[in-house]
Structure formats: structure tokens, C-alpha cells
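The lines below spell out each chain.
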Amino acid sequence: MADISLNYIKKLLLKLKSSFSAKDVLSFMGFLLISASFWFFNALNKEKELSAHVKINYVDIPPDIMFNEELPTSVTIKISDLGSNLWKYLRYPVQPITLKFTQSLYDSGYFNVTNSQLKSRVSDNLLPSSSILTIYPEAISSSYVKLFNKRVPVTLIGDIKLENQYMFLNPIQIYPKEVDIFGPNDVIENINEVKTQRLDVGNLKDSISISVPLEKIESVRYSNNNITVKAYAEMFTEKISKLPVQIINKPDSVEVLLFPAEIEAVFNISVKHYRSFQNSDIQIIVDLLDVYNGDVKKKKLKIINNKPYISNIRIKPEEIDFLLQGK
């Protein structure tokens, strides 16, 4: 039975095909296209309605206030205009509107944008021929409270590990190092630092600059929600250098003889600064304040590293003999 029905349909299609010439089909399709185009252009020249969403940007809102009701991030409008004009809104969405928080609002304790003000702001971004039939929400209003504020340091949470044979050119830096926090007084008075969300970086062998969010605290807001972490890494190599031993806090009435007067230093230095190394980059110190009135015969040397791109300094010998003589 199914085979009989299928054969019947095939025969019917062949009969219809034979009753139309190729010329007739093309004429019919052309007429259909013209009719559809006429209908489309006719529709564009008639009054139509369209719904659209318009985003809201709030500016100049002080960080030390908190709204009791959440402010909407957009409004929904119904527009009336010719279909040809509404077609433009489908291609290019309505531009966001800007609502400014003024000093007079700050003093009043109440933020309010009326229906007429809201329509006026949106209308400024519409075609002159477009009319707003409805807008939702009809108005924007919220009371707010002023918050207490306090400045606290930022603590970076995480670990930045270097690739083998690499070193930091500078200490890891964060910007800003402090932020202002805003909230109820009984909350922020117990906060002495703000921590970042965890940042873990492995096998670092280049410079990085990463924005890291601050850890959220309930009922507290920040002047900056993110901080920037910067780290500079470079390949290092080992260097050996002979350095003079320097004497500090020496009275003018005393002569000091050192044995030896210079020592060998082995240290890591960035490849970039290898050739520019100077003896003043590392100071080897004997402080006479520690021994001048004693009978110490040997003195352990102090090392002062003046450059961040130098690390792991080893000296030989670590102690020297000295002799004090009066002038």
C-alpha cells in the first residue's frame, strides 16, 4: 500500500512538471519576488512599533555611599515610528544613556530620576521622528546611606615561581599598595588589610603585568576593585669578582690594616647587566663600632647588595684579620 501511494505521488509531480514550461516557472518566481518586495517596502512606510533595551551608565557616584535599592542597569522602551526608521534600530542599537550623580543629590540623601527626565534622556538618542510609547521602569529612585572609610594596605596572596636559571630584576610590585575601603563603621574598624584573590604563576621567564581582583568582604566596597601585579624576570649567570673591603665608622685617630684588603665574591647577576657591573654594586664592609673597644682579632664581613638584579652573593674569606694603629 505504501509503495502504491509513493508511486502515485511521483506520477503526480511528473504531471505537474510537464504542465509548466521552464519559462512559466521563471515568470512565476519573478512575480513572487516582485510581490514580496512590494509588500516589504509597503510595510516599511507604515507606522510600526518596536521594543528595545537601552543601557544606563551612572557617573560620578561617590564611593562612600550605598543605595538601599539596586539601581537598574537598563530600561526597556516601546518606540513608534515608520517601519523604515525602526529598521535602523535593528541594525544599530540605541546608544546608552548617562545619568550623573550631582552634589545636590549627595546632600539630599536621595537619588531620583523622574519619568519625564528618563524619557528625555532616551529621546536624545533616538531619531527625531521616533516617539516613546512606554518606558520601564517608569522612573529610577533610591535612598542611600553614607559609609565610613579607611585606607588599608593590600596583601598579595599567591606565589610567582621562576623558570630555572632566571631571577627577578626587581622585587614584585603591586599598584596601588593601599586602597580605601568603605562600609559600616563596626565592620571596617576591624579590617587592617585587604587581600587579593590568589595569584599563582609558574615558570616565569619574562615580564608580566596582571590585574588581580581583591577578595570581597561582605558590606565593604573598595576604591579599586583590582590591583596590578608586575614582575620582571631575566636569565642570570654567575660572575666572580675581586672586591675591596671598606671600613666604616673609623675614628680619624686610628689607622686600620686589613688582611686581606680585598676578597673574592661569587654571585648571580642578570645577563643584561653582566658587562655593566661595577665594584660599588656590592659593598663588603667592616664596621669598627663593633670591634674598636674589644680584643677581637678577626671580623666577619658584612655584605650590602645595592642592585636588585644581583643575588646569592658568596664571599671568600668570610672573615678577615685587622690591625688597629694609632696615628
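Above this text you will find the structure in question.
Residues numbered from 1 in each chain as written. Predicted model: local features only at pLDDT ≥ 70, side-chain atom pairs only at ≥ 80, totals over all residues. Heavy atoms only, no water.

Q: Which parts of the structure should I look at to understand the overall build of the protein?
A: A count of helical and extended segments in the protein gives six helices and 25 strands. Residues classed as buried in the protein amount to 31% of the 327 residues present. As displayed, the protein offers around 21,400 Å² of accessible surface, 54% of which is attributable to carbon and sulfur atoms. (Helix = DSSP H or I, 4+ residues; strand = E, 2+ residues; numbered from the N terminus. Buried < 20%, exposed > 50% of the residue type's maximum accessible area, 1.4 Å probe, protein only. Areas by Shrake-Rupley, 256 points an atom, 1.4 Å probe, with all protein chains shown as cover.)

Q: Got a minute to help me understand the layout of surface pockets in this structure?
A: A probe as big as a water molecule, rolled over the atoms, marks out the empty space that is left. Its volume calculated, the largest pocket comes out at about 250 Å³. Of the residues in the lining of the largest pocket, the class split is six nonpolar, one polar and three charged. (1 Å grid on protein atoms, 1.4 Å probe; cavity = no way out; pocket = protein on both sides within 12 Å on 5 of 7 lines; lining within 4 Å. Points joined across faces, edges and corners; volume = space filled by probe spheres on them. Nonpolar A, V, L, I, M, F, W, Y, C, P; charged D, E, K, R; others polar.)

Q: Whenever I open this one, the sheet that holds strand S12 (residues 178-183) confuses me. Can you help?
A: Through backbone hydrogen bonds, the strands of a sheet pair up, either in parallel or in antiparallel fashion. With mixed pairing, the four strands of this open sheet are ordered in space as S13-S8-S12-S16. The sheet is open, and its two borders are formed by strand S13 (194-195) and strand S16 (221-222), each paired with just one other strand. (Pairing = 2+ DSSP bridges.)

Q: Can you help me understand the pattern of salt bridges in this one?
A: In a structure, side chains of opposite charge can pair up when their charged atoms sit close to one another. Counted according to the given criterion, the structure contains seven salt bridges. As a salt-bridge pair, Lys-100 and Asp-60 come within 3.7 Å of each other at their nearest N and O atoms. One end of the pair, Lys-100, is in strand S4 (residues 97-100); the other, Asp-60, is in the loop between strand S1 (47-59) and strand S2 (65-67), and 40 residues separate them in sequence. Asp-60 sits in the partly exposed class, given a relative accessible area of 49%. Measuring nitrogen to oxygen at the nearest pair gives 2.8 Å for the salt bridge that ties Arg-198 to Asp-200. For Arg-198, a relative accessible area of 57% translates into the label exposed. (Salt bridge = Lys/Arg side-chain N within 4 Å of Asp/Glu carboxyl O.)

Q: Would you mind showing me how to read the packing of aromatic side chains here?
A: Both the distance between ring centres and the angle between the ring planes are used here to describe each pair of aromatic rings. The full count for this structure, using the stated rule, is seven aromatic pairs. For the pair Phe-267 and Phe-277, a centre-to-centre distance of 5.0 Å together with 35 degrees between the ring planes defines the contact as tilted. You can see Phe-267 sitting in strand S20 (residues 262-270) and its partner Phe-277 sitting in the loop between S20 and strand S21 (282-287), a full 10 residues away along the chain. According to the relative accessible area criterion, Phe-267 is buried, its value standing at 0%. (Phe/Tyr/Trp six-rings, centres within 6.5 Å; stacked < 30°, edge-to-face > 60°.)

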